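Residue strings, one per chain:
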Amino acid sequence: MQTPPILTDRTALTRNRRRATEFFLHEEVVAEVKERLTEVNRTFTSPKIISPFVDLWDWAGPVIADDDLLSLTQGQNDLLIHALCLHWANDPVGQLVQCRQSLRTDGLFLGFLFGGQTLHELRACLAEAEAEVTGGLSPRVLPMAEIRDLGALLQRAGFALPVADSFTKTVRYRNAMHLMSDLRRMGEGNALAARLRHPTARRVMVRAAQIYQQQFADADGDIRATFEIICLTGWVPHESQQKPLRPGSAAQRLADALNTAELPLSQPDRDG
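From a predicted model like this one, the values you see are computed outputs, not experimental measurements.

Engineer: Before we go on, may I ask you to explain helix α3 (residues 92–102) in this structure?
Structural biologist: Residues lying three or four places apart along an α-helix face the same way, a consequence of the helix completing one turn every 3.6 residues. Among the residues of α3, those classed as buried are V93, G94, Q95, L96, Q98, C99 and S102. The inward-facing, buried residues of α3 abut β1 (47–50), β3 (77–83), β4 (103–114) and α5 (147–156).

Have a look at this one:
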C-alpha cells in the first residue's frame, strides 16, 4: 500500500490550535450539525466527535483528537462527526475508512471540512505578490478538495448513500492583514510540512495586501474572504436502506409517466 505524503506538520498544527481564540466557523458547523440531526429524526446512543476544540461539542458526546490514527474502536459508535478538521489530514481516505470501521450497521457519518473555494482570494493575491517580488512561489495555504471529488471518497471508504454538499460564508475584513491575523486566531495558520521556516519578506505581504484591496474590496473599502464548508454524509450499509433499481427493472416507461409521446432517435446526417 502506498504511503500518503506528509502534508501537515502536526506539531505546528497543535501549536496553532492551542493559541486559537476565534471559533465562529466552528460554531457555524455546530449549528449545521444540530439542524441536520433534527432532520434525521433519530436518537443516537453512542456518538463520538472528532475535533480539536472540545468545549464546542460538550453537548454532543465524547470528543477525540483528529490524529492520523484515530482513537476509535471497531463497531463501537452509531454516529461520528468529523468537525472541520478533515482538511488537515495527511490521509483523508484513511480517516474516512477508520470512521467507517468504527460505526455500527446503519450508523451515520457527518464530516465537515473546508472546500476548494476557501480563501481563493487570498491564495491568488499571495501567489501574485510572491511571484512579482521574489520570482517564485512557496507553500502558504492548505490545498483543499473540490466537492465533486469528495462524494467518491465516501464510496471508496465503504459508505452507502453518500452525499457531498456545501455552504459558503463570505466574511468581510478591514484589509488582508486583518484577515491573516484572524486566520491565526482561528488556529488555521500555515502548518504545512513544506512551508518556509523563516518569516516572509514584509514587502511580499504588503504587496499581497495591495492586490487584495484592488481586486476584492467592496465600495466601503472592506475586503471579502470566502470560506466554503463542505459536508459529507454517509451511512454504514444496512438492508433497510434504499437501493437503486437494477437497469431495465422499471415497471413503467418514462414516457408514460410524463404523459408524452415516445419518439425514435433521428439518424445522424452522414453526408454533411
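Engineer: Before we go on, may I ask you to explain the environment of V93 in this structure?
Structural biologist: Note on placement: V93 falls in helix α3. Taking the C-alpha atoms as reference, V93 lies 6.3 Å from L153; in sequence the two are 60 residues apart. Not counting residues within four places of it along the chain, the set of residues in contact with V93 comprises L153 and R156.

Engineer: Just checking my understanding: could you explain the pattern of salt bridges for this structure?
Structural biologist: Two side chains bearing opposite charge may form a pair once their charged atoms approach each other closely. Tallying each qualifying case throughout the model produces 12 salt bridges. When the shortest N-O distance is used, the salt bridge between E132 and R207 registers 2.8 Å. Taken together, the residues E132 in helix α4 (residues 120–134) and R207 in helix α7 (residues 202–216) connect sequence positions 75 residues apart. The closest approach of N and O atoms between R185 and D182, which form a salt bridge, is 3.1 Å. Of this pair, R185 and D182 are both found in helix α6 (residues 176–185), 3 residues apart, which corresponds to roughly one turn of the helix. What makes D182 buried here is its relative accessible area of 5%. One connected set of salt bridges, linked through shared partners, spans R10, R17, D66 and D67.

Engineer: Sorry if this is basic, but what is going on with the sheet that holds β4 here?
Structural biologist: Backbone hydrogen bonds hold the strands of a sheet together, and the pairing may be parallel or antiparallel. With mixed pairing, the 6 strands of this open sheet are ordered in space as β2-β1-β3-β4-β6-β5. Two strands bound the open sheet, and with one partner strand each, they are β2 (63–64) and β5 (160–173). As judged from the 12 bridges shared by β5 and strand β6 (residues 223–235), these two strands associate in the antiparallel manner. For T168, the partnering residue across the bridge sits in β6 and is E228. α5 contacts β4, β5 and β6 of the sheet and is inclined by roughly 145° relative to β5.

Engineer: Would you mind showing me how to read the nonpolar core here?
Structural biologist: A general trend in soluble globular proteins is that nonpolar side chains are found buried together. With 52 residues, the main nonpolar core has W57, L122, Y173, L179, Y212, F227 and I229 as its most contacted residues. Ranked by size, the runner-up nonpolar core spans 22 residues in total, among them A89, V93, A157 and I230.

Engineer: Quick question: what am I supposed to make of unusual backbone geometry here?
Structural biologist: Only a minority of non-glycine residues have a phi that is not negative, and only a minority of peptide bonds are not trans. At D106, a residue that is not glycine, the phi angle is positive and equals roughly 70°. In this structure, D106 sits in strand β4. For L119, which is not glycine, the phi dihedral falls at a positive 55°.

Engineer: Mind showing me how you'd approach the packing of α4 against α7 here?
Structural biologist: The axes of two packed helices give the description: the angle between them and the distance between them. At a minimum axis separation of 8 Å, α4 and α7 run at an interaxial angle of 130°. By the criterion of interaxial angle, the relationship of α4 to α7 is oblique. For the crossing formed where α4 meets α7, the hand is right-handed. The segment α4 lies against α7, with E121, L122, C125, L126, E128, A129, E130, E132, V133 and T134 engaging R203, V204, M205, R207, A208, I211, Y212, Q215 and F216. Each residue belonging to the contact of α4 with α7 can be placed in one class, and the counts come to 11 nonpolar, 2 polar and 6 charged.

Reading guide: rules and limits
Residues numbered from 1 in each chain as written. Predicted model: local features only at pLDDT ≥ 70, side-chain atom pairs only at ≥ 80, totals over all residues. Heavy atoms only, no water. Buried < 20%, exposed > 50% of the residue type's maximum accessible area, 1.4 Å probe, protein only. Helix = DSSP H or I, 4+ residues; strand = E, 2+ residues; numbered from the N terminus. Contact = heavy atoms within 4.5 Å. Salt bridge = Lys/Arg side-chain N within 4 Å of Asp/Glu carboxyl O. Pairing = 2+ DSSP bridges. Axes fitted to C-alpha atoms, helices over the stretch in contact; angles between N-to-C directions. Core = buried A, V, L, I, M, F, W, Y, C linked by side-chain atoms within 4.5 Å. Parallel < 35°, antiparallel > 145°, perpendicular 65-115°, else oblique. Left-handed = near helix turned anticlockwise from the far one by under 90°. Nonpolar A, V, L, I, M, F, W, Y, C, P; charged D, E, K, R; others polar.

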